[in-house]
Amino acid sequence: MAVGALACARHRLPLAGEAVPAGFPSPAEEYLERPLDLNEYVAPRPEATFFVRVSGDSMIGAGIHHGDLLVVDRSQEPRPGNVVIALVDGEFTVKRLVREGEGLVLAPENEAYAPIALTPETEFSVWGVVRHVVHRV
Amino acid sequence: MPAAYALIDCNNFYASCERVFRPELRGRPVVVLSNNDGCVIARSAEAKELGVGMGTPYFKCRTMLERQGVAVFSSNYALYGDLSARVMRVLGRFCPSVEIYSIDEAFADLSGVPGGAAAFSRRLRATVEAWTGIPVSIGLGPTKTLAKLANRFAKKQPRCRGVFDLAASPDPDRVLRWTDVGEVWGIGPRHAKRLRKLGVRTALDFRELKREWVRRKMTVTGLHTLLELRGLPCLDFASGPPSKKTIVSSRSFGHPVTRLEDLMEATAQYATRAAEKLRRQRSVAGHVLVHLETNRFRLGEPQYNNAAPVPLAVATAHTPDLIRAAQAGLKRIFRDGYAYKKCGVMLSGLESEDGRWLSLLDLPPDAHGRHAPLMRAVDACNSRWGRDTVKFAASGLNGTWRMRRELCSPRYTTAWEELLTVKAG
């Protein structure tokens, strides 16, 4: 069992240095600010960010519905507790990575589905960490 | 501090791109076909091992590929361009200075990076693969030519695990002895043939030649190659032999540039220059990449670098089309409030002018100016592949003209309706 995409997390530089102002802007400030860009919010590292589409309802409890768009960040080191895009026996699936005793489990968030225990025999890697869900209301 | 050039090269780039979203293809042979599914233009390591030749017409090897279980793809420049831009952007984020050399290769100057160039390269390689899914090999050397050589060694020798530093090797000459003279950067096939006749077979043989002789027989270009092999840098950033896979036109500005209008002009100029080179070698391009960067050495200034891939619906050498594509890409990545140092245009997906596909329906109504070359191209196609291979829509559509891209993978990163689907089940 190998958790993939675990590289170099310590070696990061900020993209542009400045923080996005969150409060009410001061009228004294110069009009230099750019309009808010949703991309900056959901994808601070665009080169490592991928969008994927969900099929199925096993993650309803995490607010992930059939047809939703997931924002996946491959620069994130996967940790227990993260919702991840995992590759299990050659197939992509979205689940929550949960520590269970000594091992790891890919847990659904819908009682109709069973968790996938990750044994040493399972061919498993993490393709990316899910950071946001885009859900049409 | 001695110079430490790095050549970062994506492993079997097009095949690797197809694997990012199809991980079950890891370890399986993969080939990619040219526009219109004409011939093999890229092969995974496994496909090379099966003996699939570069440039083999698809109809000739199709049965063999099927029998061997090779995964075959039409070229998907939307996908390759996007992943290339991502790789370049990761490099730009971590390296002090980067020069994009082709769609899948870049040089970086790693002199003075903390922890040493080799350790840095290992981290860089792991990061690029983790972030983008694309495996790369990194060669390090005191000159660009030696970095290229080191990169080939890194790629071919599994025990290097993708990174090889020539300067740290106990026996660097062994690598030069291992390298065929024709594989040396800047020694073309013609010179290689002549050199072999004289018994100069390896990079090491070449390095031992007399300067004067090389200067006389191979001009100053050959002399530069010789000196570079001896560890004396002659090629700095933005110089060196042109890549066969791509045409690059880019330059650093004399003054920092902040306005979009100025960058638009520069981009148009670079696109024009690249288009000229393209036509000179009688090629057409299927893909445009625009890149933009601030000056990394100005500490304290906000930094930004980005690249925009623009796939072309029809491969072309038509300057206005290329300018339009390049400028559209530039607009997408331009951000206000930065002082830019450099921008550039790279053309890839190069194919010979005669072999290209013409989609007559894509021509805008104002295409009169293109009629002459269009006609020449239509005639060329028809004389090569038989009458009516290419014909006018008005003469009836039976579908034979339609571009064949039957094996194209989804545009996973550039089309909302073609995203990867993951199962929540």
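Conventions used here
- Residues numbered from 1 in each chain as written.
- Chains lettered and ligands numbered in written order.
- Predicted model: local features only at pLDDT ≥ 70, side-chain atom pairs only at ≥ 80, totals over all residues.
- Heavy atoms only, no water.
- UniProt positions renumbered as here; feature names shortened; annotations may be inferred.
- Salt bridge = Lys/Arg side-chain N within 4 Å of Asp/Glu carboxyl O.
- Helix = DSSP H or I, 4+ residues; strand = E, 2+ residues; numbered from the N terminus.
- Phe/Tyr/Trp six-rings, centres within 6.5 Å; stacked < 30°, edge-to-face > 60°.
- Buried < 20%, exposed > 50% of the residue type's maximum accessible area, 1.4 Å probe, protein only.
- Lys NZ or Arg CZ within 6 Å of the ring centre and 35° of its normal.
- pLDDT = per-residue confidence, 0-100.
- Contact = heavy atoms within 4.5 Å.
- Axes fitted to C-alpha atoms, helices over the stretch in contact; angles between N-to-C directions.
- Parallel < 35°, antiparallel > 145°, perpendicular 65-115°, else oblique.
- Left-handed = near helix turned anticlockwise from the far one by under 90°.
- Nonpolar A, V, L, I, M, F, W, Y, C, P; charged D, E, K, R; others polar.
- Buried area = accessible area lost by both parts, 1.4 Å probe.
- Pairing = 2+ DSSP bridges.

For chain B, the name recorded in an unreviewed UniProt entry is Translesion error-prone DNA polymerase V subunit UmuC, with Pseudodesulfovibrio cashew as its organism. According to the UniProt record, the Sequence similarities (unreviewed entry) comment for chain B reads "Belongs to the DNA polymerase type-Y family."

The name recorded for chain A in an unreviewed UniProt entry is Translesion error-prone DNA polymerase V autoproteolytic subunit, from Pseudodesulfovibrio cashew.

Residue and element names in this part refer to chain B. Across all of its chains, the model carries 20 salt bridges over all chains by this definition. Across the pair Glu 208 and Arg 207 runs a salt bridge whose closest N-O atoms are separated by 2.9 Å. A salt bridge links Arg 324 to Asp 321; the shortest N-O distance between them is 3.6 Å. You can see Arg 324 and its partner Asp 321 sitting in helix 12 (residues 319–333), three residues apart, about one turn around the helix. Ionic contacts of the salt-bridge type, sharing partners, join the residues Asp 173, Arg 207 and Glu 208 into one network.

Following the criterion strictly, the structure yields 20 aromatic pairs over all chains and no others. With centroids separated by 5.9 Å and ring planes inclined at 85 degrees, the aromatic side chains of Tyr 77 of chain B and Tyr 80 of chain B adopt a geometry described as edge-to-face. Within this pair, Tyr 77 of chain B and its partner Tyr 80 of chain B are both found in helix 4 (residues 77–94), separated by three residues, close to a single helical turn. Owing to a relative accessible area of 7%, Tyr 77 of chain B belongs among the buried residues under this scheme. Centre to centre, the rings of Tyr 101 of chain B and Trp 185 of chain B are 5.6 Å apart; their planes meet at 80 degrees, and the pair counts as edge-to-face. In this pair, Tyr 101 of chain B is assigned in strand 5 (residues 98–102) and Trp 185 of chain B in the loop between helix 7 (172–178) and helix 8 (189–197), connecting sequence segments 84 residues apart. We note Arg 74 of chain A situated over the ring of Trp 127 of chain A; from NZ or CZ to the ring centre the distance is 4.9 Å. The ring of Phe 107 of chain B has Lys 144 of chain B lying over it, and the distance from NZ or CZ to the ring centre is 4.6 Å.

All names here are of chain B. Confidence in the prediction for chain B averages 85 pLDDT; 87% of positions are at 70 or higher. Counting contacts from residues 356–369, a segment whose pLDDT is below 50, to residues more than four positions away or on other chains yields 27 contacts. With a pTM of 0.78, the predicted complex shows an ipTM of 0.77.

Bringing the packing of helix 11 (residues 260–280) of chain B against helix 12 of chain B into the picture now. Residues and elements named next belong to chain B. Two elements in contact, helix 11 and helix 12, have axes whose closest approach is 8 Å; the angle formed by their N-to-C orientations is 140 degrees. Viewed along their axes, helix 11 and helix 12 adopt a mutual orientation that is oblique. Helix-helix and strand crossings are classified by hand; for helix 11 and helix 12 the assignment is right-handed. Residues Leu 260, Leu 263, Met 264, Thr 267, Ala 268, Ala 271, Thr 272, Ala 275, Leu 278 and Arg 279 of helix 11 form the contact with helix 12, whose own contacting residues are Thr 319, Leu 322, Ile 323, Ala 326, Gln 327, Leu 330 and Lys 331. Class assignment of the residues belonging to the contact of helix 11 with helix 12 gives a composition of eleven nonpolar, four polar and two charged.

This brings us to the interface of chain A and chain B. Chain A puts 40 residues into the contact, and the matching count from chain B is 35 residues. Regarding the contact of chain A and chain B, the summed buried area is about 3300 Å², with carbon and sulfur atoms giving 58% of it. Of the charged contacts in the structure, one is a salt bridge between Arg 93 of chain B and Glu 47 of chain A, with a shortest N-O distance of 2.6 Å. Secondary-structure elements contributing two or more residues to the side of chain A that touches chain B are strand 1 (49–55), strand 2 (69–73), strand 3 (83–88) and strand 4 (91–100) of chain A. Looking at the side of chain A that touches chain B, the element that brings in the most residues is strand 1 of chain A, giving seven residues. Its residues placed into classes, the side of chain A that touches chain B shows 22 nonpolar, eight polar and ten charged. Here strand 1 of chain A runs beside strand 14 (residues 420–423) of chain B; their pairing, made up of four bridges, is parallel. Within the sheet, the bridge partner assigned to Val 52 of chain A lies in strand 14 of chain B and is Leu 420 of chain B.

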